[in-house]
Amino acid sequence: MEADTLMQDQALQAASHQDMANAIRALAMDAVQKADSGHPGMPMGMADVATVLFTRFLKFDAAHPDWPDRDRFMLSAGHGSMLLYALLYLTGYPEMELEELKNFRQLHSRTPGHPEYGHAPGIETTTGPLGQGLGNAVGMALAERLLNRRYGDAIVDHYTYCVAGDGCLMEGVSQEAISLAGHLKLGRLIVLFDDNEVSIDGPTGLAVSDDQIERFKASHWHTARIDGHDPEAIALAIENAKQITDRPSLIACRTIIGYGAPSKAGTAATHGSPLGEEEVKGAREKLHWHHQPFEVPKPVLAGWRAAGARHRRAYEAWSAAAKRLDASARAGLTDPIDDKVKAAIVAAVAAVKSDFVREGAKLATRQSSQKVLEKLLPAIPGLIGGSADLTGSNGTLTKLHSPIKPGDFAGNYLHYGVREHGMAAAMNGMSLHGGIVPYGGTFLIFSDYCRPSIRLSALMQQRVIYVMTHDSIGLGEDGPTHQPVEHLAALRAVPNLNVMRPADQVECAECWELALLAKATPTILALTRQGVPLLRTAPAAENLSAKGAYVLIEPKGARDVTLIGTGSEVALAVEAAKALEGEGISAAVVSMPCWELFEAQSKSYQNTVLGVGPRVAVEAAVPFGWSRWLGPQGAFIGMHGFGASAPAQHLYKHFGITAEAVAAAARELIGRTKR
């Protein structure tokens, strides 16, 4: 081991900083040129900063990319993906071979246009939509502090570094993230700002004149401004930032975009287009890089590989410490829901379902959700909740919660403030970090403010739970600005997103179980403001919601019609079925809490549930998407425009979403008139 360390040190010393940085620049411009597509300017401009960070500061072991206590490197400016890919190849990460760089932006390569989580080890998050990586970094840094408080320094003690560009800091989510991080005093977060003063349209002065240093200072950040091409200035700034324990740090690195390009450096021409053969040739001459495309000299590559292994001893020391943890605690560092916790979740849900059936109360599903959480919290130490300033309305806080405070991370509930987008981005970061299952609440209408991050939860296959209450016109007097009508349809359109709208207390408990056990799928829990009756009055051990839809009421004899509902409107379908039964019409009632889970079932099961006859669906939302379940002989009772301000019961009547309307539609479909 001593000999290996000595050889690594010698290899690092043998390669100059300039040569190591130029290796990044050359690989970036070569890959973009070969692909005839991409963004060479940012990697070329930030090569010096990245070289200092990876060779002197970043705690990682390329041979063990999943080391839970590694430092996290987030590339928020995801268009500069070749910076990350070059670093992963140079430092020796598995699966990032030179051939992958040559296949940059090609189908099935590990090097897509923007970094995608899961495509290759070392890619910590999916970025591209600017500012998202910064929001994720806040979540990563928060997760580190939360786990450090629970495990101690020997097990969790690392930093989160984030490279962000001018565009990231212009996006609105950046302000939410910056403000939250400063408020929480996340001293392990260091943002490296690529301050090159160039955007796609040209100089950033065309659109923005913010003083970013003063902006971050106003949110209680430590700040520094440096020459991003001076390795010693970069190193000193990072060293100073690491000494600040009660504030996150911004290091504004003044760089030249496309550094080394003879005629295009410092201009928007290097941002999103290949440099061109002549400009690449000229850059090689200017950088004194006299090597063929994709060629990295052995001494330079050896220096980079040494950097990738320089923390091997730290990794081994950590591994020895981690072995002293019990198996569940060790597993909880990456996935807080192991088999033991799964069993506890199932047991907790079974218990609360029994409670609901015994009590038989009429509750809003947001209230049911709160009661479920009280049972779940003791079973899941890694469950971290929160709300975007709607705690009381969302029902996301229980008597078992304690608040996370600035500089104090012993709690398990975060008051995000009115920062829905920042909340969602941070929850993605917490989930990606490992060890945390995050859930956060707001009104369903404000899913619009979260949507970019919700989409990325789905794309990255992260278990993030969005508690979205006040899910329809049933919220009443707040009116159409707060009444979601198109939101269920819009969210159902997102691939790999389970949108769950439970009909009563029992379904609410079942949906929580499904959300927690869906390791690779985020969940929307769409919950009511208004009370709903208990429909599942008989005890049932089986999670009937798990198949997405099931027959709640099966009539005696053959069906004449099937009534389908979600959420609060299932009760209307039940009432309509009872009225129809009195008229000799056999109506089945189907509760469909989750379209996505139902769609995953066999055609045979779907046909059994939906029946072969006419179908009526009732949902207090727009009809978009319902045709797939209604078929050619179907009717929809719901919204066909925006809502209005009035008490909920008046609104349902005004918009014709009633049991009488459901029954009338059923009669019309089967050609019967009311007796």
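Calculation criteria
Residues numbered from 1 in each chain as written. Predicted model: local features only at pLDDT ≥ 70, side-chain atom pairs only at ≥ 80, totals over all residues. Heavy atoms only, no water. Helix = DSSP H or I, 4+ residues; strand = E, 2+ residues; numbered from the N terminus. Buried < 20%, exposed > 50% of the residue type's maximum accessible area, 1.4 Å probe, protein only. Pairing = 2+ DSSP bridges. Axes fitted to C-alpha atoms, helices over the stretch in contact; angles between N-to-C directions. Contact = heavy atoms within 4.5 Å. Expected span 1.5 Å × (residues − 1). Phe/Tyr/Trp six-rings, centres within 6.5 Å; stacked < 30°, edge-to-face > 60°. Lys NZ or Arg CZ within 6 Å of the ring centre and 35° of its normal. Left-handed = near helix turned anticlockwise from the far one by under 90°. Nonpolar A, V, L, I, M, F, W, Y, C, P; charged D, E, K, R; others polar.

Participant: So, unusual backbone geometry: which residues are in play, and what are the values?
Facilitator: Within the chain, Arg 105 stands out as a residue other than glycine whose phi angle is a positive 65°. Relative to the elements of secondary structure, Arg 105 occurs in the loop between helix H6 (98–102) and helix H7 (132–151). The class for Arg 105 is partly exposed, based on a relative accessible area of 28%. A positive phi is found at Gln 461, a non-glycine position, where the angle reads about 60°.

Participant: I'd like to hear about the sheet that holds strand S20 (residues 634–638), residue by residue, with values.
Facilitator: With mixed pairing, the 5 strands of this open sheet are ordered in space as S16-S18-S17-S19-S20. Since the sheet does not close on itself, it has two edges, and those belong to strand S16 (550–553) and S20, each with one partner. In this sheet, neighbouring strand axes are inclined to one another by 30° on average, regardless of whether the strands run parallel or antiparallel. Together, S16, strand S17 (561–565), strand S18 (587–591) and strand S19 (615–619) form the strand contacts of helix H23 (residues 570–581), whose direction differs from that of S18 by roughly 170°.

Participant: Quick rundown of H23? Include the residues and the values.
Facilitator: An ideal rise of 1.5 Å per residue puts 16 Å on 12 residues; H23 measures up with 16 Å between its terminal C-alpha atoms. Within H23 the residues assigned to the buried category are Val 570, Ala 571, Leu 572, Ala 573, Val 574, Ala 576, Ala 577 and Leu 580. In this structure, the buried side of H23 is in contact with S16, S17, S18, S19, helix H27 (648–654) and helix H28 (659–670).

Participant: I'd like to hear about the packing of aromatic side chains, residue by residue, with values.
Facilitator: Two aromatic rings, taken as a pair, are described by how far apart their centres are and by the angle between their planes. Under the defined criterion, the tally for this structure stands at 15 aromatic pairs. Geometrically, the ring pair formed by Phe 54 and Phe 73 is edge-to-face, given 5.1 Å between the ring centres and 80° between the ring planes. Of this pair, Phe 54 sits in helix H4 (residues 47–57) while Phe 73 sits in strand S1 (residues 72–75), and the two are 19 residues apart along the sequence. Neither Phe 54 nor Phe 73 differs from the other in exposure class; each is buried. Ring centres 6.1 Å apart and planes at 70° place the aromatic pair Tyr 85 and Phe 104 in the edge-to-face group. Residue Tyr 85 is located in helix H5 (residues 81–91), and its partner Phe 104 is located in the loop between H6 and H7; the two are separated by 19 residues in the primary sequence. In textbook terms, an aromatic cluster arises when at least three aromatic residues are bridged by ring pairs, as seen for Trp 595, Phe 598, Tyr 605, Trp 626, Trp 629 and Phe 636. The lysine or arginine in question, Arg 492, covers the ring of Trp 595, its NZ or CZ lying 3.9 Å from the ring centre. Stacked on the ring of Tyr 605, the Lys or Arg Lys 547 has its end atom at 4.7 Å from the ring centre.

Participant: Outline the packing of helix H2 (residues 17–35) against H4, supporting the account with residue identities and numerical values.
Facilitator: Between H2 and H4, whose axes approach to 9 Å, the crossing angle comes to 115°. Crossing handedness for the pair H2 and H4: right-handed. Listed contacts from H4 to His 17, Gln 18, Met 20, Ala 21, Ile 24 and Arg 25 of H2 are Ala 47, Asp 48, Ala 50, Thr 51, Val 52 and Thr 55. The residue inventory of the contact of H2 with H4, partitioned by class, reads 6 nonpolar, 4 polar and 2 charged.

Participant: Please set out the sheet that holds strand S14 (residues 523–526) residue by residue, giving values where relevant.
Facilitator: Two orientations exist for strands paired in a sheet by backbone hydrogen bonds: parallel and antiparallel. With parallel pairing, 6 strands are arranged side by side in an open sheet as S10-S9-S11-S12-S14-S13. In this open sheet, the two edge strands, each paired with only one partner strand, are strand S10 (413–415) and strand S13 (498–500). Shown here is a sheet whose adjacent strand axes are inclined to one another by a mean of 20°, direction ignored. Two elements, S13 and S14, share 3 bridges in a ladder whose sense is parallel. By the bridge assignment, Asn 498 is partnered in S14 with Thr 523. Lying on the sheet, helix H19 (residues 420–433) is in contact with strand S9 (383–387), strand S11 (437–443) and strand S12 (465–469); it crosses S11 at an angle near 165°.

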